[in-house]
Amino acid sequence: MVALAAVEVLAGSRPLAQLARWLTPEVYDGLARRAALTAPRSRVLDAAASPRDVAAEPTDTVPAGAARRPSVRRVRVHRVDAHTVEASVVVAQADRVRAVAVRLTRSTGRWRAAALVVG
């Protein structure tokens, strides 16, 4: 779900703030920098924005909900140790397919993305 949500942030359809609890501060900052360059809507980086705010712009020619959301095609997981998992995720998004690599680490009882690369 972290990989799918990251692709949605880069596409401009999900606010970045929704991922804050699932990403380490370094990964969050990196995704914020990339979203600022690639996301088509500036509200993606607005912490107060909801998914509806981001998706529904008055100047959009496509009705809200008409565009297909990205979907996960395949996930490969490798357990590094008891507290680390690495995964590769293939995400279909509109007319393209993207690869996402994520490294999840567990600390204080919850999993967080310590590394995230979206191709």
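Residues numbered from 1 in each chain as written. Predicted model: local features only at pLDDT ≥ 70, side-chain atom pairs only at ≥ 80, totals over all residues. Heavy atoms only, no water.

Right, let's get into the pattern of salt bridges. Enumeration according to the criterion identifies three salt bridges in this entry. Where Arg 69 meets Glu 8, a salt bridge forms, and the shortest distance between an N and an O atom there is 2.8 Å. Of this pair, Arg 69 sits in the loop between helix H3 (51-55) and strand E1 (71-81) while Glu 8 sits in helix H1 (residues 2-11), and the two are 61 residues apart along the sequence. Between Glu 86 and Arg 103 there is a salt bridge, and its shortest N-O distance comes to 2.2 Å. Of this pair, Glu 86 sits in strand E2 (residues 84-93) while Arg 103 sits in strand E3 (residues 96-107), and the two are 17 residues apart along the sequence. (Salt bridge = Lys/Arg side-chain N within 4 Å of Asp/Glu carboxyl O. Helix = DSSP H or I, 4+ residues; strand = E, 2+ residues; numbered from the N terminus.)

Now for helix H2 (residues 25-38). Between its first and last C-alpha, H2 extends 20 Å over 14 residues, near the 20 Å set by a 1.5 Å rise per residue. Among the residues of H2, Val 27, Leu 31, Ala 32 and Ala 35 are the ones counted as buried. For H2, the arc enclosing every buried residue in end-on projection is 135 degrees, short of the 170-degree limit, so these residues lie on one face. Exposed residues lying more than 90 degrees from the buried face of H2 are Glu 26, Arg 33, Ala 36 and Leu 37. In the core, the buried residues of H2 are packed alongside H1 and strand E4 (110-118). (Expected span 1.5 Å × (residues − 1). Buried < 20%, exposed > 50% of the residue type's maximum accessible area, 1.4 Å probe, protein only. Arc of directions from axis to C-beta. Contact = heavy atoms within 4.5 Å.)

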